[in-house]
Amino acid sequence: MRDGDALRVGAVAPDSAAQLAGVKADQRISRIDDQPANARSLNDWRERLRSLPVGAEVGLSIVGADATKPLRLHLSDRIPEQANPSTSRAN
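A.B. asks: Help me understand the pattern of salt bridges in this model?
C.D. replies: Side chains that carry opposite charge are capable of pairing whenever their charged atoms lie near each other. For the structure shown, the criterion picks out 4 salt bridges. The salt bridge involving E57 is made with R72; its shortest N-O contact spans 2.7 Å. Of this pair, E57 sits in strand β5 (residues 57–63) while R72 sits in strand β6 (residues 68–74), and the two are 15 residues apart along the sequence.

Structure, rendered in structure tokens:
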């Protein structure tokens, strides 16, 4: 979700590339692959990440209380469509 000029992590899937890199729920992402997080819509970022092949490397900048921490993710699997809360519906 948007949080000012950053994206806030809502949840991290178990055993995902994000979890293995140390990303945690409620952290703020300020940059993705050297682009400001606010350069694209959230849906555009989701589509961009889904389009990358397994094994692709993605750079993230995580905003912390004291500093911004760079992380490198190695995508181990494709992001499932169900990970997009705007397309999921509860019955």
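A.B. asks: Whenever I open this one, the environment of D34 confuses me. Can you help?
C.D. replies: Structurally, the position occupied by D34 is in the loop between β3 (28–32) and β4 (35–36). A sequence separation of 24 residues divides D34 from V58, and the C-alpha atoms of the two residues are 9.5 Å apart.

A.B. asks: Is there a simple way to explain unusual backbone geometry in this structure?
C.D. replies: Among all residues save glycine, negative phi is the norm, and among peptide bonds the norm is trans. The backbone of D26 sits at a positive phi, close to 80 degrees, despite the residue not being glycine. Mapped onto the secondary structure, D26 falls in the loop between α1 (17–21) and β3. Note on D26: relative accessible area 53%, which makes it exposed. If you check the backbone angles, D33 has positive phi at about 50 degrees while not being a glycine. Its location among the elements puts D33 in the loop between β3 and β4. Given the relative accessible area of 24%, D33 is considered partly exposed.

A.B. asks: In this structure, what is going on with the side chain of S16? I would like to understand it.
C.D. replies: Summarising the element assignment, S16 is placed in the loop between β2 (6–8) and α1. Overall, S16 belongs to the buried group, its relative accessible area being 17%. Polar contacts involving the side chain of S16 include one to the main-chain amide nitrogen of Q19, which spans 3.2 Å.

A.B. asks: What should I look at first to understand the nonpolar core in this one?
C.D. replies: Core analysis: the biggest nonpolar cluster contains 16 residues, and V23, I29, I32, V58, L60, L73 and L75 have the highest contact counts within it. Those elements giving two or more residues to this core turn out to be β3, β5 and β6. With 3 residues, β5 is the single largest residue contributor to this core. Those residues in contact with V58, other than ones at most four positions away along the chain, are I32, D33, L49, L52, L71, R72, L73 and L75.

A.B. asks: Explain the confidence of the model for the chain to me, please; I cannot follow it from the model alone.
C.D. replies: Low-confidence regions, as indicated by low pLDDT, have predicted coordinates that should not be scrutinised in detail. This prediction gives the chain a mean pLDDT of 82; 84% of its residues lie at or above 70. Below pLDDT 50 for its whole length, residues 84–91 participates in 8 contacts with residues either more than four positions away or in separate chains.

A.B. asks: How should the pairing of β6 be read in this particular structure?
C.D. replies: Remark: a regular strand shows side chains that alternate across the two faces of the sheet. With 7 bridges joining them, β5 and β6 adopt antiparallel strand pairing. Bridge pairing in β6 places I62 opposite K69. What sits between the antiparallel neighbours β5 and β6 is a turn of 4 residues.

Criteria and thresholds
Residues numbered from 1 in each chain as written. Predicted model: local features only at pLDDT ≥ 70, side-chain atom pairs only at ≥ 80, totals over all residues. Heavy atoms only, no water. Salt bridge = Lys/Arg side-chain N within 4 Å of Asp/Glu carboxyl O. Helix = DSSP H or I, 4+ residues; strand = E, 2+ residues; numbered from the N terminus. Buried < 20%, exposed > 50% of the residue type's maximum accessible area, 1.4 Å probe, protein only. Polar contact = N/O pair within 3.5 Å; in protein donor to acceptor, adjacent residues only side chain to side chain. Core = buried A, V, L, I, M, F, W, Y, C linked by side-chain atoms within 4.5 Å. Contact = heavy atoms within 4.5 Å. pLDDT = per-residue confidence, 0-100. Pairing = 2+ DSSP bridges.

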